[in-house]
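Next come the chains, spelled out residue by residue.
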Amino acid sequence: MNEEVCRDPEKLVPELKQKLKELMMDIAKLQLPIFLFETLRTEERQKDLFERGVSHAQHSKHQDGLAFDLVVMDPTGWTWSPEYDKFLDIAGLIAIGKYNLNWGGNWEHFHDPNHFELRLIKTDSSH
Ligand SMILES: [Zn+2]
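All of the points below concern the structure found in this document. Note that this is a predicted model, so its numbers are computed, not measured.

Criteria and cut-off values
- Residues numbered from 1 in each chain as written.
- Predicted model: local features only at pLDDT ≥ 70, side-chain atom pairs only at ≥ 80, totals over all residues.
- Helix = DSSP H or I, 4+ residues; strand = E, 2+ residues; numbered from the N terminus.
- Expected span 1.5 Å × (residues − 1).
- Buried ≥ 20, exposed ≤ 12 C-beta atoms within 10 Å, placed from the backbone.
- Arc of directions from axis to C-beta.
- Core = buried A, V, L, I, M, F, W, Y, C linked by C-beta atoms within 7 Å.
- Contact = placed C-beta atoms within 7 Å.

Here helix H3 (residues 85-97) contains 13 residues, and its C-alpha end-to-end distance of 18 Å stays within 8% of the 18 Å for a straight helix at 1.5 Å per residue. For H3, every residue scored as buried is listed here: Leu88, Ala91, Gly92 and Ala95. Buried positions in H3, seen along its axis, are confined to an arc of 105° and lie on one side of it. Opposite its buried face, H3 presents the exposed residues Lys86 and Gly97, each directed more than 90 degrees away.

Okay, structure coming up:
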């Protein structure tokens, strides 16, 4: 089990890195308690998340530098509590409307409001 989380924006493809940078500035301006949690993911970590049911993809866009996760931080630390989804909803709307990203909060098959990824031209159902 590998719990090491990479949150280095430099590991993302340049287009996504730029969008992330601008989105984080928007989030800061709105004073939302949202922070960058994860960028690039190793094959080992993806396998672990998949086996635990945290991720539904055997291969994730995180492994290709095409996705990042944002997570809310409250006084206790990182939190995935649904009570904070309202903040992620705002970030999601900005990500879609301003940066043309895919946002996991819109996925019906696997609701994942923490997940943001680059919209590729080809249709790809793996995330
Ligand atoms: Zn993700």
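A separate point is the nonpolar core. Ile34, Phe68, Leu70, Ala91, Ala95 and Phe116 are the most contacted members of the largest nonpolar core, which totals 18 residues. Those elements giving two or more residues to this core turn out to be helix H1 (14-29), strand S2 (67-74), H3, strand S4 (101-103) and strand S5 (115-118). Not counting residues within four places of it along the chain, the set of residues in contact with Ala95 comprises Leu23, Leu101, Trp103 and Phe116.

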